[in-house]
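# Observations on the three-dimensional arrangement
Listed below are the residues making up each chain.
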Amino acid sequence: MTTFIIICGTSGSGKTYVTQRLIGAHGLEPVPSAEMSPPLTGREGPYAYVKGNVCVAGRYNTGLEHGSSGDVKNRLFADVLAQCAKRADVIVTQGLTVGKSNVVWDLVRGLVPGARVIFAYLDTSYEQCLENIYERRARSKIKRTKSLKENAVRQDWRANCSQRERFIREGKLVRDIRHGPHSLGDLEQLICAEGGELG
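Let me sum up the structure you'll find in this document. (Residues numbered from 1 in each chain as written. Predicted model: local features only at pLDDT ≥ 70, side-chain atom pairs only at ≥ 80, totals over all residues. Heavy atoms only, no water.)

### Quick word on the environment of Ala85
In plain terms, the rule: A run of H or I in DSSP becomes a helix once it reaches four residues, and a run of E becomes a strand once it reaches two; helices and strands are each numbered from the N terminus. Contacts: residue pairs with any heavy atoms within 4.5 Å of one another.
By the secondary structure assignment, Ala85 is in helix α2 (residues 74-87). As a C-alpha pair, Ala85 and Cys55 span 30 residues in sequence and 8.2 Å in three-dimensional space. With residues up to four places along the chain from it excluded, the contact list for Ala85 reads Phe4, Ile91 and Val112.

### Digging into the side chain of His26
Along the chain, the position of His26 falls in helix α1 (residues 15-26). Other than its neighbours up to four places away in sequence, His26 contacts Lys51, Glu188, Leu198 and Gly199.

### Observations regarding the sheet that holds strand β6 (residues 116-122)
What counts is decided by this rule: Two strands make a pair as long as DSSP finds a minimum of two bridges between them.
Pairing is mixed across the open sheet formed by seven strands, whose spatial order is β2-β3-β4-β5-β1-β6-β7. One side of each edge strand has no neighbouring strand; the edge strands of this open sheet are β2 (29-30) and β7 (173-177). Relative to strand β5 (residues 90-94), strand β1 (residues 3-8) is paired through five bridges, and the arrangement is parallel. From the neighbouring strand, Thr3 faces β5, where its bridge partner is Val90.

### A look at the pattern of salt bridges
Note the threshold: Only one rule defines a salt bridge in this text: a Lys or Arg side-chain nitrogen within 4 Å of an Asp or Glu carboxyl oxygen. Any residue under 20% of the maximum accessible area for its type is buried, any over 50% is exposed, and the rest in between are partly exposed; the area is computed with a 1.4 Å probe on protein chains only.
What the rule picks out here adds up to six salt bridges. Note that Arg166 and Glu170 form a salt bridge whose closest N and O atoms lie 3.7 Å from each other. Residue class for Arg166 comes out partly exposed when judged on its relative accessible area of 30%. With a relative accessible area of 44%, Glu170 lands in the partly exposed category. One salt bridge connects Glu170 with Lys172, and the closest N-O pair in it is separated by 2.5 Å. One salt-bridge network, held together by shared partners, links Arg164, Glu165 and Asp176.

### Comments concerning the packing of aromatic side chains
Aromatic ring pairs are defined here through the distance separating the ring centres and the angle between the ring planes. The following threshold applies: Here is the rule: rings of Phe, Tyr and Trp (six-membered ring for Trp) pair when centre to centre is within 6.5 Å. Planes less than 30 degrees apart are stacked, more than 60 are edge-to-face, and the remainder are tilted. Only lysine NZ and arginine CZ atoms are considered, and such an atom sits over a ring when it is within 6 Å of the ring centre and within 35 degrees of the ring normal.
Counted according to the given criterion, the structure contains one aromatic pair. Aromatic side chains Phe119 and Phe167 sit 4.5 Å apart centroid to centroid with 50° between the ring planes, which places their arrangement in the tilted category. Of this pair, Phe119 sits in strand β6 while Phe167 sits in helix α5 (residues 150-169); the two residues are 48 residues apart in sequence, bridging distant segments of the chain. Taken individually, Phe119 and Phe167 each receive the classification buried, so the pair is uniform in this respect. Of note, Lys172 hangs over the ring of Phe167, and the distance from its end group to the ring centre comes to 4.8 Å.

### Structural notes on the nonpolar core
The line we're drawing: Here, the term nonpolar core denotes a set of buried Ala, Val, Leu, Ile, Met, Phe, Trp, Tyr and Cys residues that are joined through side-chain atoms within 4.5 Å.
Core analysis: the biggest nonpolar cluster contains 25 residues, and Phe4, Cys55, Leu81, Cys84, Ile91 and Phe119 have the highest contact counts within it. Sorting the residues of this core by element identifies β1, β3 (48-51), β4 (54-57), α2 and β6 as the ones contributing at least two each. It is α2 that contributes the most residues to this core, six residues altogether. Grouped together as the second largest cluster of nonpolar side chains are 20 residues, Ile7, Val56, Val92 and Leu122 included.

Structure, rendered in structure tokens:
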């Protein structure tokens, strides 16, 4: 059975951090855009990383300020997920944006009927998310003209918490990942529990 693990959390929660650590720690190899079917030519990639029966969907190359599936939109992202499902048994990706992990849920149900879908929520506090966002902005080479709207970050964080509770009530499979140094170990355990072979 194909399993999709959707990492959920607001901006600054560590979704990209834990995914990049997974790719680096286990040597997942990037799948060149031209090798995707249909080829994703003319687009900055790669959009997938694979090792054994585990695949990560999204843009996580180190050249990006912060990778994710968030900038892989609509039909393109559906194609990426479909190709990952052909290559691997366990696919790891992110919720597209806060409060919209159902977008991925709907895509997966349409692409791979009967697939097992797990929503893995990072337990990062609002304060830690805010700190991470400020640190990321300080490192950024992009010149920003607008200040961070902290109230909007708080609203997104609350919406993410509410979404988790709603998914539990709806009977969806929800798991928790500790933020920070424990996040990789928790994600590895979840992948292995679903039959993923990281080597």
